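Examining the three-dimensional arrangement
The residues making up each chain are set out below.
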Amino acid sequence: MAAPMLRWCCPGRRFAFARVGCGSCHRRGPPTGSTSNGKRGQSTVAQQPHITAQKPRKGEREWAAVVGLEIHAQIASNSKLFSGSQVHFAAPPNSLVSFFDASLPGTLPVLNRRCVEAAVMTGLALDCHINRKSLFDRKHYFYADLPAGYQITQQRLPIAVNGSLAYSVSVGRKPSQMVTRTVRVKQIQLEQDSGKSLHDDLRSQTLIDLNRAGIGLLEVVLEPDMSCGEEAATAVRELQLILQALGTSQANMADYEIQRQINELENGGEILNETRSFDYKLGCTVPMRDKEGKQDYRFMPEPNLPPLLLYDSGSLPPGADPQQVIDIDRLRERLPELPRVTRERLVRQYGMLPEHSCALLNEVGLLEFFQSVIKETRAEPKKVTSWVLNTFLGFLKQQNLAVSESPVTPSALAELLDLLDRKAISSSAAKQVFEELWRNEGKTPAQIVAEKKLELLQDLEALEQLCRSTLEAHPHVVMDLKRGNPRAINKLIGLVRKATLGRADPTAIKEVLERQLSS
Amino acid sequence: MVKDGCAHVKPAAATDLSVFLLVTWSLWWQTGHEDHVGPDPPRIIFSAGKALHRGALGWKAEWLLSIIRLLRLSPTLDGLEVSVALKQGQVTPTELCQRCLSLIKKTKFLNAYITVSEEVALKQAEEAEKRYKKGHSLGDLDGIPIAVKDNFSTSGIETTCASNMLKGYVPPYNATVVQKLLDQGALLMGKTNLDEFAMGSGSTDGIFGPVKNPWSYSKQYREKRKQNSHSENEDSNWLITGGSSGGSAAAVSAFTCFAALGSDTGGSTRNPAAHCGVVGLKPSYGLVSRHGLIPLVNSMDVPGILTRCVDDAATVLGILAGHDPKDSTTIQDPVKPFTLPSLTDVSKLCIGIPKEYLTPELSSEVHSLWSKAANLFESEGAKVIEVSLPHTSYSIVCYHVLCTSEVASNMARFDGLEYGHRCDSSVSTEAMYAATRREGFNDVVRGRILSGNFFLLKENYENYFVKAQKVRRLIANDFVNVFNSGVDVLLTPTTLSEAVPYTEFIKEDNRTRSAQDDIFTQAVNMAGLPAVSVPMALSTQGLPIGLQFIGRAFCDQQLLTVAKWFEKQVQFPVIQLQELMDDCSSVFENEKLASVSLK
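Residues numbered from 1 in each chain as written. Chains lettered and ligands numbered in written order. Predicted model: local features only at pLDDT ≥ 70, side-chain atom pairs only at ≥ 80, totals over all residues. Heavy atoms only, no water.

Focus: the overall build of chain A
Across its full length, chain A carries 18 helices and 15 strands. Relative to its full complement of 519 residues, chain A shows a buried share of 54%. By sequence separation, contacts in chain A at least 24 residues apart represent 71% of the contacts at least 6 residues apart. In the structure as shown, chain A presents an accessible area of about 23,800 Å², 49% of it carried by carbon and sulfur atoms. (Helix = DSSP H or I, 4+ residues; strand = E, 2+ residues; numbered from the N terminus. Buried < 20%, exposed > 50% of the residue type's maximum accessible area, 1.4 Å probe, protein only. Contact = heavy atoms within 4.5 Å. Areas by Shrake-Rupley, 256 points an atom, 1.4 Å probe, with all protein chains shown as cover.)

Comments concerning unusual backbone geometry
With an omega dihedral of 10°, the bond running from B:Gly243 to B:Ser244 counts as a cis peptide bond. The residue B:Ser244 is located in the loop between α6 (219-227) and α7 (246-253) in this model. The phi torsion at A:Asn162 lies on the positive side, around 55°, for a residue other than glycine. Within the secondary structure, A:Asn162 sits in strand β7 (residues 160-170).

Digging into the sheet that holds strand β7 (residues 350-354) of chain B
The pairing of strands in a sheet comes from backbone hydrogen bonds and takes either a parallel or an antiparallel form. Residues and elements named next belong to chain B. Strands sit in the order β1-β3-β2-β4-β6-β5-β10-β11-β9-β7-β8 across an open sheet of 11 strands; the sheet is mixed. Only two strands of the sheet have a single partner each, and these edge strands are β1 (113-116) and β8 (383-387). This sheet shows a mean twist of 30° between the axes of neighbouring strands, independent of strand direction. As defined by bridge partners, β7 adjoins β8 across five bridges and the pair is classed as parallel. Paired with Pro354 across the strands is Val387, a residue of β8. Contacting β8, β9 (489-493) and β11 (544-550), helix α14 (residues 458-484) crosses the sheet at an angle of about 125° to β9. (Pairing = 2+ DSSP bridges. Axes fitted to C-alpha atoms, helices over the stretch in contact; angles between N-to-C directions.)

Digging into the interface of chain B and chain A
Between chain B and chain A, the residue contacts involve 60 residues of the former and 60 residues of the latter. Carbon and sulfur atoms supply 60% of the area buried between chain B and chain A, which totals about 4,700 Å² over both sides. Counting across the chain B and chain A interface gives zero salt bridges. At the boundary of chain B with chain A, the tally comes to 16 residue pairs in polar contact (both at pLDDT 80 or more). (Buried area = accessible area lost by both parts, 1.4 Å probe. Salt bridge = Lys/Arg side-chain N within 4 Å of Asp/Glu carboxyl O. Polar contact = N/O pair within 3.5 Å; in protein donor to acceptor, adjacent residues only side chain to side chain.)

Concerning the pattern of salt bridges
The tally for this structure, following the rule as stated, stands at 31 salt bridges over all chains. The salt bridge partner of B:Lys507 is B:Glu504, with a shortest N-O separation of 3.3 Å. Here B:Lys507 falls in the exposed class, since its relative accessible area comes to 63%. Residues joined in a network through salt bridges with shared partners are A:Arg113, A:Arg114 and A:Glu117.

Here's the deal with the packing of helix α12 (residues 410-421) of chain A against helix α13 (residues 427-439) of chain A
All names here are of chain A. With their axes 10 Å apart at the nearest point, α12 and α13 run at an angle of 160° to one another. Taken together, the axes of α12 and α13 are roughly antiparallel relative to one another. Considering the relative orientation of α12 and α13, their crossing is right-handed. Packed against α12, whose contacting residues are Ala412, Leu413, Leu416 and Leu420, the element α13 presents Ser427, Ala430, Val433, Phe434 and Leu437 at the interface. Of the residues belonging to the contact of α12 with α13, the class tally is eight nonpolar, one polar and no charged. (Parallel < 35°, antiparallel > 145°, perpendicular 65-115°, else oblique. Left-handed = near helix turned anticlockwise from the far one by under 90°. Nonpolar A, V, L, I, M, F, W, Y, C, P; charged D, E, K, R; others polar.)

Details of the sheet that holds strand β6 (residues 150-153) of chain A
Read across the sheet, three strands follow the order β6-β5-β14 (chain A) without closing on themselves; strand pairing throughout is antiparallel. The two strands at the open ends of the sheet, each matched to only one other strand, are β6 and β14 (300-301) of chain A.

Let's talk about the nonpolar core
Membership of the largest hydrophobic core comes to 152 residues, with the highest contact counts inside it found for B:Phe197, B:Phe377, B:Phe479 and B:Phe549. Sort the elements by how many residues they give to this core and α14(B) lands first, with nine residues. Listed in part, the 51 residues of the second largest apolar core include A:Ile75, A:Val183, A:Ile188 and A:Leu305. (Core = buried A, V, L, I, M, F, W, Y, C linked by side-chain atoms within 4.5 Å.)

Focus: the confidence of the model for chain A
Atom-level detail of predicted coordinates should not be read off regions where pLDDT is low. Scored by pLDDT, chain A has a mean of 79; 78% of the residues are at 70 or more. Predicted confidence for residues 268-293 of chain A stays below pLDDT 50, and this span has 67 contacts to residues more than four positions away or in other chains. (pLDDT = per-residue confidence, 0-100.)

Topic: the pairing of strand β2 (residues 145-149) of chain B
Residue and element names in this part refer to chain B. Of all five residues in β2, five are buried, a share of seventy percent or more. Alternating residues of β2 divide into Pro145, Ala147 and Lys149 and Ile146 and Val148, and every residue in both groups is buried. By the bridge criterion, three bridges tie β2 to strand β4 (residues 259-264) in an arrangement that is parallel. If you follow Ala147 over to β4, its bridge partner there is Ala260.

Points about the side chain of B:Thr115
Residue placement: B:Thr115 occurs in strand β1. Ignoring sequence-local partners within four residues, the contact set of B:Thr115 consists of B:Ile157, B:Glu158, B:Met189, B:Gly190 and B:Lys191.

A word on helix α18 (residues 556-570) of chain B
Think of an α-helix as 3.6 residues a turn; residues three or four steps apart then line up on the same face. All names here are of chain B. Under the 1.5 Å per step criterion, the end-to-end length of α18 is 21 Å for 15 residues, consistent within 8% with the ideal 21 Å. Of all 15 residues in α18, 13 are buried; the element is thus mostly enclosed. Gln571, located one to two residues past α18, shows a positive phi value of around 50°. (Expected span 1.5 Å × (residues − 1).)

As structure tokens, then:
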């Protein structure tokens, strides 16, 4: 699959501070814990060059945080970006290393078509302009896990530019107050991943694992249009959903990684203050100044790769074998429904709240589960939504399971909701049945209901009888009620329910009780 | 007529001055990397049909034909002898191999070889012999001894680049060109000497010491020296081979092999070929795979071919040329086997003489031979015209920026971690890098790395690298304009003069020498064109002088056809090394062997 799979690392997360006129959000006064933010701001984001010009005194100016991001998503491909070695997780160290990956002298890069397709699809999904011609560059720096001494990337002319990413954030207290924001996508570029350094402090050694070296990455550069860590985290999450929608292999792994990254982003408020960047190699934050100010990457065109040419149906060379060229239009046709469209469809089709549509998409496989249940049950979509998002998801979270690991199948839940829908069982009984289903003993909801005698009491006369005897047995509660304590009725309802072993509908009990009391 | 057979591949449109890349392929990956995990390294397998292109001849006849062609200048056998010997089964690949090995030993003092792969060669010879006995020869090169410059990866055989950095490095894979030769049954005699990482023009700056030009010991040169009554000690006055492929040129010149691979980035194949009196071919950029060639300047490097006659160069090129899935800059179009026609009529040819190549430094002798060659073409009916390549004079300085920049980048991988030399220091990773690279590289390499990194610095990139790329485009366009005006082939000197004594050569430093010696050869690499140096005559000192032919991009066959005609006309004499190898004297005296005309 051309599914981009995320491995989040932000060696170059771009933070900056911009002066704002009306203080739409954020702090007054200079950020704490730093003395040279202006300087750093300038070195990281060229769009705010005016910051250096003034040295604001404390409390004199208003500042707003600006967050830009460089996100590295690992492309899910069978082989690496420029070599035929396998891409595979948890393989023994240095077992997936070709001569090229180890930078043996004389080896040359050969571009992986699959990675190019993944980049084009991502570009299309983010409304980017796809460059018909893009170029590869070498970015030089010495690092133990960068065997060639340079990384092949796309600095001058990347494969896609000028896109946008829309994401929804909730404003105010209520989660339903969602606002759509847009962050500009500066560019998407193809580049190689580096290897892994394992530091053995005990023996003061560094061990190198090159399994990851040369795996294809998509670097998505987001302009500094976001104003806080939370916005950034939401945008990143949305990007992840889009990349997953383009193909979802190995997405479980990504979940862990995104969570780690989101945590970091949410802690980003603090990082922001100090204008530090997270260095995923060192595993800690480092002052940005060091990285950006002193390092000169000595970019140079990669001479071993001809320009990457892409075509569309209009520019396709006559007689070209479709297998031998990349046709952007054909890739566009293959684009799946994107998350934003899916959410809109859910709201429209099932009348669900926007935040519920978000929740359904935020868990891998949850939407598919939901749709399977909807297909098989007569229950209202709202009911299904509530059950899937509250009960089902709650159980998953509690046990830290993925949707695919759930012991309850969509059919079983659908059957359970059918029982509930035709009032064969009460809501509380339904919960009980669900718990039983979760234990996964191979029984259907109907079997569980029968075994546990959970079906609702359908015999109205029996209910009348039970209510009457309850009233007679608890005269002080009745007295309480008559003295004007309205909550006393609930106690009576509870007593009757207990007597029915929970098989009676509380609304029905209440009706009968009220009738009997007033008569 | 000679225009036929040109591959119809054109370089990218010359509109984009900021980016210079020699080739833009419209269908660029074809057999490339399609996300399939492959065995590593995948072996190159030739189709059975490949070796059958002269199918009309039987296998025995095929072997004979190639042996006769390739042994024509053998010191030990003349054509007739070989033919008889083969017919009677008297000469076998093993015998041929042993004779070459014995010559390698006798000429050891030339320092042409860094590694002699005797065991490998003998084993390959044995296998070739078995094939011949069964009548299953692999083709033209089956059983033929060859040598390979020590900057091509050879599986299981040390590949040093004449540098401490790679001393003891044994690659696990073969360069594509090496593999292709081996697949044809060629016998790998050894790895030849060079300047460290091919940076030089004398073959004097490698860790294994300088290569000595076989012509220093030739009868022709020694007699002239006696006449000129020089009193200096002869042994200390040996000549350089030129470089950086001096080991390969000397190996071919001294008959230790029949063909050798060199590399050519600024003239490194043609320059030593001219000094050693052999044919040196630099194919079009993109025609021959660079996979496994340890790079100097990726955008200019081409594997070069050194042989004793043009036909042999064409034979080897026919085997090496073509797309390599492991080198994305090789042409996609299939290359047909080269078979050079014998040109009888040059009246339809247009030969260009670039006026800028008449520099003050050009020796009068080379100048007069150049004129003589032009006159030769003219007298035989070819149109000879003066042409202009106005930007050629900027070539050296432009090359300096581009070469050092790519060198700085390419050398970054030598950090002592994965392979090659590593220093003893273990203070820190950075200290280890620094010490390793200081110990591993010579001054020339370190100097180029330093200047290259300077040119690539953010503040210098636009002023140096980008400008040099633009100049490169102008230099390349000069050639395009000349060829568009109807010129078929350019005729130029290869070198300023004949080979100079080592003691003379080292009076200037490597950088000065490289700048001087590459003057006629380097612009060709900038433009990616094919060029060949063909020995023309001996100087008054008795030393070879070669002239260079430059062809249109991917018109290598046309170029070689013209070179072959020229070779036949000039009848360059065979080197006479009888004092060196007295047991072979009878053969050396046979002047008839000078003929390289095969058909």
